[in-house]
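Reading the structure
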Amino acid sequence: MTYAEVLEYLYSLLPIYQRVGAPAYKPGLQNIQLLCNEIGNPQNDFPSIHIAGTNGKGSTSHYMASILQSAGYKNVGLHTSPHLKDFRERIKINGIPISEQEVIDFVIRYKDLIERVDASFFELSVAMAFYFFAKAKCDIAVIEVGMGGRLDSTNIITPVLSIITNISFDHVALLGDTLEKIAFEKAGIIKPGVPVVIGETQAETKPVFLKKAKECNSPIYFADSIYSLKMSILGQHSGIPFLTFYPLKNDQDYLPELKSELTGNYQTKNILTVLCSVDRLRDSGYKITEGNVRDGIAKVVSQTGLLGRWQILSYNPLTIADTGHNEAGIKEVFNQLVHILEMGDPRVLKRLHVVFGVVKDKDPSPVLKLLPKDAAYYFCKANIPRALDENELLQLASGLGLNGAAYPNVKEALKAARSNASVSDVIFVGGSTFIVAEAL
């Protein structure tokens, strides 16, 4: 089998949430436990960091992996989801995706097992990641939760550190319709005696985390009560955009500055979570210097290959893509877009053009209500079964005062936006991870 044939086999055989949504979601740990039992329980053969949260868990996972790489740890594993361009993005070691041949060999070797267990696509990818991290003898692996936490397939590990970035409304049909219910699911990754870092303190969710940590006798740390931010500045160095942070620890300067290749303002919250998490790793004996932290944050994109986080696709006009897709994520993204427009020369016309698409298994109205009414919209549909029809999206958006047109795919929508935009305008691509994936 070729790599393409293997992927087609997996896509046709296994339900994948990325494409079909809820029917592919298999809550519970029975399948992943059976898979891992059959392949020797590789999840027990390497230390790990487990990261959950509604927003920011992907960026935080990449920051942590990059810092550990900068600290010189051997074969740092990184498992994330979903992938944007290639399945192998889900499983990386030292920022390098596993090879196509490794995927082929794994599927061929365990084909009978895969079919017998009737696993989901995600369950298979998790088992495959654990297998290769154990095979590579990783010093440590960073494991991002797929959805929720308590019943997520990744939750068979016992990590050295648990991290929960924040809680907001997403996947409410599966995780719960209140912040407390969602927090309960995320808190499921807290393990007995394992320290846990909470990125953002929220009145609704703090009691949930404190209760779970007490039940597990787990030390708990709220990052934003230890670290804060003096300021952040967006600039460039040798033509590369950088966001410079000036964090404080207990109201004292932490480092003169931290520069990140990830330039979305929402990264300020992730940075505080990361700094607190590094402290906890040091408490556990991991050797990570301030220089390692600075280097890992500064090189997070180049060392891990992260895609789709406030990613600049082109200049003149400035074109930005971001995978933020729920209410909290979209709010952060558009606050920054408005700030960019406000910072422009008032004598030059600057208009926002938005290439936008969503999935049909979530109510898009709360997100649409957050979008600015003075932008030009190019509504489109990603090439997946879950995508909401572009004409239906246009109709919903028009009813909320958003003006634009419908396009059958991302390519045509982006082409139209570039044709209509002046060099001083800004184009944003987003609304769904899958829209961004097709724009890259």
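Procedures and definitions
- Residues numbered from 1 in each chain as written.
- Predicted model: local features only at pLDDT ≥ 70, side-chain atom pairs only at ≥ 80, totals over all residues.
- Heavy atoms only, no water.
- Helix = DSSP H or I, 4+ residues; strand = E, 2+ residues; numbered from the N terminus.
- Expected span 1.5 Å × (residues − 1).
- Buried < 20%, exposed > 50% of the residue type's maximum accessible area, 1.4 Å probe, protein only.
- Axes fitted to C-alpha atoms, helices over the stretch in contact; angles between N-to-C directions.
- Left-handed = near helix turned anticlockwise from the far one by under 90°.
- Contact = heavy atoms within 4.5 Å.
- Nonpolar A, V, L, I, M, F, W, Y, C, P; charged D, E, K, R; others polar.
- Core = buried A, V, L, I, M, F, W, Y, C linked by side-chain atoms within 4.5 Å.
- Pairing = 2+ DSSP bridges.
- Arc of directions from axis to C-beta.
- Polar contact = N/O pair within 3.5 Å; in protein donor to acceptor, adjacent residues only side chain to side chain.

Observations concerning helix H4 (residues 57-70)
Over its 14 residues, H4 extends 20 Å from the first C-alpha to the last, a length consistent with the 20 Å expected when each residue adds 1.5 Å. Summarising burial for H4: 14 of the 14 residues are buried, a large majority. In the segment just after H4, Gly-72 is the residue with positive phi, at about 90°.

Description of the packing of helix H12 (residues 267-283) against helix H13 (residues 290-298)
Here H12 crosses H13 at 145°, and the two axes come no closer than 12 Å. Seen from above, H12 lies across H13 with right-handed handedness. In contact with Ile-271, Leu-275, Val-278 and Arg-282 of H12, H13 contributes Glu-290, Val-293 and Ile-297. Here the contact of H12 with H13 is built from residues that sort into five nonpolar, no polar and two charged.

Side note on the nonpolar core
Ranked by internal contacts, the top residues of the largest apolar core, which has 42 residues, are Leu-10, Val-103, Phe-106, Val-107, Met-128, Phe-130 and Phe-133. Within the residue set of this core, elements represented by two or more residues are helix H1 (3-13), helix H3 (30-38), strand S3 (91-93), helix H5 (100-109), helix H6 (111-117), helix H7 (121-135) and strand S5 (140-144). For this core, the element with the highest residue contribution is H7, accounting for 12 residues. Among residues more than four places away in sequence, those in contact with Val-107 are Val-6, Tyr-9, Leu-10, Ile-114 and Met-128.

A short note on the pairing of strand S6 (residues 161-164)
Alternating residues of S6 divide into Leu-161 and Ile-163 and Ser-162 and Ile-164, and every residue in both groups is buried. Here strand S1 (residues 48-52) pairs with S6 via four bridges, running parallel. Following the sheet pairing, Ile-49 is matched in S6 by Leu-161. Sheet topology note: the S6/strand S7 (residues 196-198) ladder contains three bridges and is parallel.

Some details on helix H17 (residues 390-398)
Residues Glu-390, Leu-393, Leu-394 and Ala-397 constitute the buried set of H17. Burial along H17 is one-sided: seen end-on, the buried residues are contained in an arc of 100°. Next to the buried residues of H17 lie strand S15 (352-356), helix H16 (365-368), strand S16 (376-379) and strand S17 (404-406). With a side-chain oxygen lying 2.9 Å from the backbone nitrogen of Asn-391, the N-terminal cap of H17 falls on Asp-389.

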